[in-house]
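Per-entry structural report
Each chain, letter by letter, is given below.
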Amino acid sequence: MIVAEQKPLAEIRALVGDAKRVLVVGCGTCVTVCFAGGAKEAGVLGSLLRMGAQLDGNVKDVSEVTVQRQCEREYLDGIREQVEQADAVLSLGCGIGVQAIAEQFPNAIVVPGLNTSFLGKPAAHGEWVERCAACGNCLLGVTGGICPIARCAKQLLNGPCGGSSKGKCEVGTGDSKPDCAWQLIYDKLKAQDRLHLITEVAPPKDWRTSRDGGPRRIVREDLKLPSTGGQK
Amino acid sequence: MNASNGTTSRLASILKHGHFAVTTELGPPKNADPEIVRAKARLLRGCADAVNITDNQTAIVRMSSIAAGVIARQEGLEPVIQMTCRDRNRLAMQSDLLGAYALGMRNVLCLSGDHQTFGNHPQAKNVHDIDSMQLVQMVVGLRDRGCFQCGEEIKGDNPRFFVGAAENPFGDPFDWRPYRLAKKAKAGADFIQTQLVFNVPRFREFMRRVVDLGVTEELSILAGVGPLKSPAAARYMRDQVPGMDVPDEIVERMEAAGRGIEDKKARTAAYRETGIQICVEMIGELREIKGVAGIHLMAIEWEDAVPIVTERAKLLPRPALEPETSACPPPH
Amino acid sequence: MTAIDAPVVDTAADGLNIVAFCCHYCAYAAADMAGSLRMQYPQSVKVVKLPCTGKLDVQLILDAFEHGADGVMIAGCMEGDCHYQQGNLNAKRRAAYSQDLLRSIGLEAERVRMFNMSSAMANRWAAAVTEMDETVQKLGPSPLRRGRKAAAEE
């Protein structure tokens, strides 16, 4: 899932600025599950914006609405009227959601309430960890199900480096020290008697499938619908 | 050992002729002053077969390894250029290597590089387009196949470096390290320099496994050694540096060296003397281990110690070689 | 979304408005007993009964302030004795979080406070209410009330 966290309130208030009518838009998918931008969070933020404005001697008309997923236009269609009535739209979606709203409502002033951080999973209630770097060419089959692109600080394909110590990466201190991905890979493959997967030198990665190749796009011809007035 | 496929590296020749090799390190300055490099080079001249020029070590910006290497060469040293994977992509690496070779560099050490959060520019984007093992493969490819990493043939002079890599015998996972070293041999590395060795028995065990795997028939291993400056330095390395194994006996020996000496200057001198002595003894022990082809002497910010250690360890003078096999111009 | 729409909080009143979220099993029972025993304590508190303080959402606390509360009390079972195992511990976390939220907009964190008591502790209830009333008296009416009054008068 996409993992995000709310921007500091001071930053959000600065982004909203003088806008009188503010629509806070929550998202019911990833950011709900990481407690950053769901309906509850939208409600709390709405209250804070109203009260904060009042304490400053201003009045802000802040309302909240949450859609199932901000990244799909059908769900955004339902909030068109509210968006058109607002002076500013504060999106609590991930970066994709913010942009989707901006694309669908070109006249709206849309600002982000979250910092979208990574693709990951909950490690425990209240803790999320990065697991995938969306490199576009998954190699988990040869690394025992542990990703060295996302989890190794140096993205080594022939790790570990000399800084791996007691199963931890050299980066970070104390609790924030990540596990050494290559220690995990070695342990897993050794336990499964599959070390042969890492005894040959892995060649340089083709980064074209990753963000380095430019903004990406996937098209499935078998799914594309005929356009109105088309041949089919 | 494919050491001398057209390289005119002195280090390659020394190893080829079966001499016990000595390499050391020169840290470039955090500024643009060539005199600093020249002064350090003059200190080290004659003490080693080749001198590593570090590359933004600990992710702190310093004069580039290649530039400092060229200056050092003018002073009669044979440089080993260091290149990390942290700061350059494969284009910049190959481009720099073409230039380095054109400027007379003949040895390259391929490293992953300390993470930039350790250094003075933690906000930087790190590169890691390829890793150190792939870098070894790439540099060997430039030499042996005359091709760039993309497969395109190099028309005209191709760089023919003597290629090195680093290994930490004390890093985790301990059991995997000899196999990882075997991978570096497969990638084509000619020589290896290890992290500082203080725990000789553990290093002996590491070397035994490495020799068993046949790795020492494919490349030359130079054991890392270094004089300790003080007990504080010893404790720091034991407790704060990941992957370093400094036995308590060594820390205690350093502490004992200063006991009973009131005068600070005299105490400092006593610590340094003991640090040097331990280093010299260690060199003696490491020479006896099967598979150790030389030493890599690291005297961090203490280049003065290099001539002292090499002299006492009876490593001087360095062997003379036929003039045409050496890439170094004669010192003027 | 406002979970408290009806005027639990009397914004026109000159006295203090303190909302007390009380759990059914302990705090409400203690309050009830205090009432039966004719104990004397400040009348600024309006009780809202919850099945458990674990039902408490941060939103409820913010709504109370938005609608003119000067203080919010949360009263639950003794730690370790929650009728629903850990409801009061969840409430404790949320109370602390709501204090951070209040600070972030410039309201005093002391306006929110949690108390623990068992159903027989009528005097504990009385003492808690007295303490809360004293704290809020010192802080004065919520700055939001002044704002609302001013806005209403415009």
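Here's what I pulled together on the structure shown here.

Scoring rules and cut-offs
- Residues numbered from 1 in each chain as written.
- Chains lettered and ligands numbered in written order.
- Predicted model: local features only at pLDDT ≥ 70, side-chain atom pairs only at ≥ 80, totals over all residues.
- Helix = DSSP H or I, 4+ residues; strand = E, 2+ residues; numbered from the N terminus.
- Buried ≥ 20, exposed ≤ 12 C-beta atoms within 10 Å, placed from the backbone.
- Contact = placed C-beta atoms within 7 Å.
- Core = buried A, V, L, I, M, F, W, Y, C linked by C-beta atoms within 7 Å.
- Axes fitted to C-alpha atoms, helices over the stretch in contact; angles between N-to-C directions.
- Parallel < 35°, antiparallel > 145°, perpendicular 65-115°, else oblique.
- Left-handed = near helix turned anticlockwise from the far one by under 90°.
- Nonpolar A, V, L, I, M, F, W, Y, C, P; charged D, E, K, R; others polar.
- Pairing = 2+ DSSP bridges.
- Expected span 1.5 Å × (residues − 1).

The number of helices and strands found in chain A is eight helices and seven strands. Taken over the C-alpha atoms alone, chain A extends approximately 65 × 60 × 25 Å along its principal axes. Counting every position in chain A, which comprises 232 residues, the buried fraction comes to 40%. Across chain A, every contact between residues at least 6 apart in sequence was considered, and the portion connecting residues at least 24 apart equals 55%.

Let's shift gears to the nonpolar core. Counting 93 residues, the largest nonpolar core has Cys 110, Val 136, Val 139 and Val 225 of chain B as its most contacted members. Sequence-distant contacts of Val 225 of chain B, that is, excluding residues within four places in its chain, are made with Leu 196, Val 197, Cys 279, Met 282, Ile 283, Leu 286, Ile 295 and Leu 297 of chain B. With 90 residues, the next largest nonpolar core counts Ile 61, Ile 74, Ile 105 and Ala 128 of chain C among its residues.

Interhelical geometry of helix α3 (residues 39-55) of chain A versus helix α2 (residues 58-66) of chain C gives an angle of 20 degrees and a closest axis separation of 10 Å. In terms of axis orientation, α3 of chain A runs roughly parallel to α2 of chain C. The two elements α3 of chain A and α2 of chain C cross, and the hand of that crossing is left-handed. Along the contact surface, α3 of chain A presents Lys 40, Gly 43, Val 44, Ser 47, Arg 50 and Met 51 of chain A, while α2 of chain C presents Val 58, Gln 59, Leu 62, Asp 63, Phe 65 and Glu 66 of chain C. Split by residue class, the contact of α3 of chain A with α2 of chain C holds five nonpolar, three polar and four charged.

The next subject is the environment of Asn 56 of chain B. All names here are of chain B. Mapping Asn 56 onto the fold places it in the loop between β2 (50-53) and α3 (65-74). Note: C-alpha distance between Asn 56 and Arg 86 (30 residues apart in sequence) is 9.7 Å. What Asn 56 contacts, discounting residues up to four positions off in sequence, is Val 61, Arg 62, Thr 84 and Asp 87.

The subject of this paragraph is the sheet that holds strand β1 (residues 2-6) of chain A. All names here are of chain A. Spatial ordering of the open sheet is given by β1-β6-β7, a layout of three strands whose pairing is antiparallel. A strand with exactly one partner marks an edge of an open sheet, and here the two such strands are β1 and β7 (127-132). Strand-to-strand, the axes of this sheet are offset by a mean angle of 70 degrees, without reference to chain direction. Direction of pairing for β1 relative to strand β6 (residues 114-124): antiparallel, over a ladder of five bridges. Opposite Gln 6, over in β6, you have Leu 114 as the bridge partner.

With that out of the way, let us pick up unusual backbone geometry. In this chain, Gly 159 of chain A is followed by Pro 160 of chain A through a cis amide linkage whose omega measures -5 degrees. Here Pro 160 of chain A is to be found in the loop between α7 (148-151) and α8 (181-191). Each neighbour pair has its own omega, and for Leu 316 of chain B with Pro 317 of chain B the value is -5 degrees, a cis peptide bond. Here Pro 317 of chain B shows up in the segment after α11 (305-312). Not every positive phi belongs to a glycine, and Arg 38 of chain C is a case in point at roughly 55 degrees. Relative to the assigned elements, Arg 38 of chain C resides in the loop between α1 (27-36) and β2 (45-50).

Looking now at the interface of chain A and chain C. Contacts between the two partners involve 13 residues from chain A, matched on the other side by 15 residues from chain C. Counting residues per element, the side of chain A that touches chain C draws most heavily on α3 of chain A, which supplies 10 residues. Within the side of chain A that touches chain C, the residues separate by chemical class into six nonpolar, four polar and three charged.

Below, the discussion takes up α3 of chain A. Its 17 residues give α3 of chain A an end-to-end C-alpha distance of 24 Å, which sits within 8% of 24 Å, the value for a rise of 1.5 Å per residue. With 14 of 17 residues buried, α3 of chain A lies mostly within the body of the structure.

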